[in-house]
Amino acid sequence: HDGAYHLARLQNLADGLKSGQFPVRMGGFSFNGYGAITSVFYPDVFLYPFALMLLGGASAAYVGNVLLAALNIGAAAGMYAAAKRMFGGGRAAAAASTLYVLAAAKRLFQNRWAATCASVLYTLSAYRVMDVYTRVAVGEAMAMAFFPLFIVGLYEALFGDAKCWRMLALSACGIFLSHMLSTMLCAVLAVGTALLCLRRVIGQKRFVPLAKAAELCLLLGLFQLAP
């Protein structure tokens, strides 16, 4: 559905790089040469390598296929890392061991093969596959590579190892630099969860790691926010 649009984004980005812009704010390819500021809503940070491929002489169709493959690899890697972390060590694992079911899950997810299965299931989930191959929703599919790490990072910041706030910050920044709507949804999720757990946030001083994560995410994404 959106394949032509996102290929035009790549062409627009390549055009901006060719004209000497970095970071690219406006390219001259889109809209019959009038240009577009597509990076305002769809950040282009993770598309630079593919734009460079275009500048190197690769065809748009070839670069598009490489991009789709990269989206799949990113989703698989993100879910694998999140599953390995989910019940591995730290306070989260200690809390999980008090219940038999969670203790079993802890043992399961420490196994790299179980993490691989989780990765495969996530990568082949119906909505994500539709995003990549039917809708070609590149921005949203790109953000989905960071979703599992964001969920685990948020859990750790609220209930587990508070020192893992960097995971929350980096995954949130990855989502922000991929897709604005996904960023809004994740922000609502994070704020809503923190409010539901407000007593814990205050009582166990969880506000500090959450604030650190928000600050680091903002600083890393400042170049996209600033004109």
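It should be noted that the structure appears before, not after, this text.
Fair warning: this is a prediction, and the values are worked out from it, not measured in the lab. (Residues numbered from 1 in each chain as written. Predicted model: local features only at pLDDT ≥ 70, side-chain atom pairs only at ≥ 80, totals over all residues. Heavy atoms only, no water.)

### Quick word on empty space enclosed by the protein
Next up, step 1: Inspection of the entire model under this criterion finds one cavity of 30 Å³ or more.
Next up, step 2: Here the largest cavity is characterised by a volume of approximately 40 Å³.
Next up, step 3: Every residue lining the largest cavity is listed: Arg9, Asn12, Leu13, Val24, Arg25, Met26, Gly27, Ala36, Thr38, Ser39 and Asp44.
Next up, step 4: Within the lining of the largest cavity, the residues separate by chemical class into four nonpolar, four polar and three charged. (1 Å grid on protein atoms, 1.4 Å probe; cavity = no way out; pocket = protein on both sides within 12 Å on 5 of 7 lines; lining within 4 Å. Points joined across faces, edges and corners; volume = space filled by probe spheres on them. Nonpolar A, V, L, I, M, F, W, Y, C, P; charged D, E, K, R; others polar.)

### Quick look at the environment of serine 30
Next up, step 1: With respect to the helices and strands, serine 30 occurs in the loop between helix H1 (3-18) and helix H2 (48-55).
Next up, step 2: On a C-alpha basis, the gap between serine 30 and aspartate 15 in space is 9.5 Å, while along the polypeptide they are 15 residues apart.
Next up, step 3: Excluding anything up to four places from it in sequence, serine 30 contacts Ala8, Asn12, Gly35 and Ala36. (Helix = DSSP H or I, 4+ residues; strand = E, 2+ residues; numbered from the N terminus. Contact = heavy atoms within 4.5 Å.)

### A word on the packing of helix H3 (residues 60-86) against helix H7 (residues 126-133)
Next up, step 1: Packing of H3 against H7 brings their axes to within 10 Å, and their N-to-C directions diverge by 160°. Classified by the interaxial angle, the pair formed by H3 and H7 is roughly antiparallel. Regarding H3 and H7, the two cross each other, and that crossing is right-handed. Where H3 abuts H7, its residues Leu68, Leu71, Asn72 and Ala75 lie against Arg128, Val132 and Tyr133.
Next up, step 2: A breakdown of the residues in the contact of H3 with H7 according to their chemical character gives five nonpolar, one polar and one charged. (Axes fitted to C-alpha atoms, helices over the stretch in contact; angles between N-to-C directions. Parallel < 35°, antiparallel > 145°, perpendicular 65-115°, else oblique. Left-handed = near helix turned anticlockwise from the far one by under 90°.)

### Notes on H7
Next up, step 1: For H7, the complete set of buried residues consists of Arg128, Asp131 and Val132. Viewed along the axis of H7, the buried residues span an arc of 90°, placing them on a single side of the element. In H7, the exposed positions angled more than 90 degrees off the buried face are occupied by Ala126 and Tyr133.
Next up, step 2: Buried residues in H7 make contact with H3, helix H6 (112-123) and helix H8 (138-143). (Buried < 20%, exposed > 50% of the residue type's maximum accessible area, 1.4 Å probe, protein only. Arc of directions from axis to C-beta.)

### Brief notes about the layout of surface pockets
Next up, step 1: In this structure, the largest pocket spans a volume of roughly 580 Å³.
Next up, step 2: Around the largest pocket, the lining is made up of 23 residues, and of these Ala187, Ala190, Val191, Leu210 and Ala214 lie nearest the centre.
Next up, step 3: Counting only elements with at least two residues in the lining of the largest pocket, the list comes to helix H9 (147-158), helix H10 (165-176), helix H11 (180-196), helix H12 (198-203) and helix H13 (207-220).
Next up, step 4: Each residue belonging to the lining of the largest pocket can be placed in one class, and the counts come to 22 nonpolar, one polar and no charged.

### Some remarks on H13
Next up, step 1: Here H13 is 14 residues long and its end C-alpha atoms lie 20 Å apart, about the 20 Å a rise of 1.5 Å per residue gives.
Next up, step 2: Along H13, the positions that sit buried rather than exposed are Pro209, Leu210, Ala213 and Cys217. Axial view of H13: buried residues confined to an arc of 105°, hence all on one face. Turned more than 90 degrees away from the buried face of H13 sit Phe207, Glu215 and Leu219, all of them exposed. (Expected span 1.5 Å × (residues − 1).)

### Here's the deal with the pattern of salt bridges
Next up, step 1: Taken as a whole and judged by the stated rule, the model has four salt bridges.
Next up, step 2: Here aspartate 44 makes a salt bridge to arginine 9, at a shortest N to O gap of 2.9 Å. Placement of the pair is aspartate 44 in the loop between H1 and H2 and arginine 9 in helix H1, with a sequence separation of 35 residues. Accessibility classification places aspartate 44 together with arginine 9 in one group, the buried group.
Next up, step 3: A salt bridge links arginine 135 to glutamate 140, with the shortest nitrogen-to-oxygen separation between them at 2.9 Å.
Next up, step 4: Taking the relative accessible area as the measure of exposure, arginine 135 reaches 24% and is therefore partly exposed. (Salt bridge = Lys/Arg side-chain N within 4 Å of Asp/Glu carboxyl O.)

### Comments concerning the environment of leucine 7
Next up, step 1: As for its position among the elements, leucine 7 is in helix H1.
Next up, step 2: On the accessibility criterion, leucine 7 (31% relative accessible area) is partly exposed.
Next up, step 3: In this structure, the C-alpha to C-alpha distance between leucine 7 and glycine 64, residues 57 residues apart in sequence, is 6.8 Å.

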